[in-house]
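Fold and contact review
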Amino acid sequence: MELAQRAVSLVRGELVAWLAAEQLEAEREARVRATLLNEISEQRDAVAPDVVRRAEALGWQIAGWHAALYVHAEDRPVGGRSRSAVGGWGAGRAAVDDALARLADAGLSLGPAVERSDGWVAWLTTAAPPSPGRLRAAVRAVRDELRGVSATEPGLALALGVGSARRDAAGIAQSVAEAHEAALIAAADTDPVAVRVVQDLGASRMLLGWYGSGTFADLSRQVLGPLADLEDPELL
């Protein structure tokens, strides 16, 4: 027993250092993926060849049709307490990461899972436009995994938005933007795991665009400004 304890103490430092190095490398790769997707989204219809080459070097398949699935995560109080009081976001992030990994193990390849400021995004890539049946099956698989996460992570509300199938690098940017819109609309639902497909949104997309416009911001300041000027916390 004493010999085993000595052996463990000898390798403990090396093990901690190795785990730290692995975590740093994972964080670096996550930043690289996020930066690359940002570049694709910003360049959109004219993605630079260098960006395409770097994406392909990471293993991303750029040529083809891409249908994005955006997972929006939101902190909701549980029993009057926020998630910071019941475990924080760390466990929730790990749970979603594990759920997406299980999809890959089950044969549903969604390409890279890229962490965003409010969740995660991945996309289904096919050589030809995916059939409605295949896309529905992918959405069901992701939804079911997210329901499993929701059941074990109280207070973590997840909303899944699905973009339309778009082609090549510009298509990734377009579908991700659509999926994000759909996820934001789904997040207004009270269901712990709500799903919205961009083709089914109709007028909701126009309203979302209006809410995010400078004109709406100006109007809201004009309407709500007098309330803020009253400095009445109860009224606010």
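What comes next concerns the included structure. Per chain, residue numbering runs from 1 following the sequence as it is written. Only residues with pLDDT of 70 or above have their local features reported here, since the model is predicted, and side-chain atom pairs are shown and tallied only from 80 upward, although totals for entire chains, interfaces and linings are computed over all residues. Note: side-chain values were computed over all heavy atoms of the structure, leaving out hydrogens and water.

**Section: the overall build of the chain**
The number of helices and strands found in the chain is seven helices and six strands. Strands are runs of DSSP state E lasting at least two residues, helices are runs of H or I lasting at least four, and both sets are numbered from the N terminus onward. Listed by position from the N terminus, the elements making up the chain come as α-α-β-α-β-β-α-β-β-α-β-α-α. Each residue's exposure class comes from its accessible area (1.4 Å probe, protein chains only) as a fraction of the maximum for that residue type: buried when under 20%, exposed when over 50%, partly exposed otherwise. Relative to its 236 residues, the chain shows a buried fraction of 33%. Every residue pair with non-hydrogen atoms within 4.5 Å of one another is taken to be in contact. Within the chain, contacts between residues separated by at least 24 positions form 69% of all contacts whose residues are at least 6 apart in sequence. Reported accessibility uses the Shrake-Rupley method at a 1.4 Å probe radius. Residues are deemed covered only where the shown protein chains occlude them. When the accessible surface of the chain is summed, it comes to about 13,700 Å², and 56% of that surface belongs to carbon and sulfur atoms.

**Some thoughts on the pairing of strand β4 (residues 156-162)**
Burial within β4 is extensive, with seven of its seven residues counted as buried. Neither face of β4 is left uncovered, since the one carrying Leu 156, Leu 158, Leu 160 and Val 162 and the one carrying Ala 157, Ala 159 and Gly 161 both have all their residues buried. Pairing between two strands requires that DSSP report at least two bridges joining them. As paired strands, strand β1 (residues 65-75) and β4 are joined by seven bridges and run antiparallel to one another. Of the residues in β4, the one forming a bridge with Asp 75 is Leu 156. Relative to strand β6 (residues 193-197), β4 runs parallel, the two sharing five bridges. Counted as the bridge partner of Gly 161 is Arg 196 from β6.

**Points about the packing of aromatic side chains**
For Phe, Tyr and Trp, rings pair up if their centres lie within 6.5 Å, where Trp contributes its six-membered ring, and each pair is then called stacked (planes under 30 degrees apart), edge-to-face (over 60) or tilted (otherwise). Per the stated rule, a full pass over the model turns up one aromatic pair. Where Trp 60 meets Trp 123, the ring centres are 5.3 Å apart and the plane angle is 80 degrees; that geometry is what we call edge-to-face. Highlighted residues: Trp 60 in the loop between α2 (49-57) and β1 and Trp 123 in strand β3 (residues 119-126), separated in sequence by 63 residues.

**A few points about the nonpolar core**
Core analysis: the biggest nonpolar cluster contains 24 residues, and Leu 69, Leu 110, Val 142, Leu 146, Val 149, Leu 158 and Leu 160 have the highest contact counts within it. Listed by contribution, the elements that provide at least two residues to this core are β1, α3 (88-105), β3, α4 (132-152) and β4. Top contributing element to this core by residue count: α4, with six residues. Excluding anything up to four places from it in sequence, Leu 146 contacts Val 71, Leu 158, Leu 160 and Val 193. Residues enter a nonpolar core if they are buried and are Ala, Val, Leu, Ile, Met, Phe, Trp, Tyr or Cys, with the set joined through side-chain atoms within 4.5 Å.

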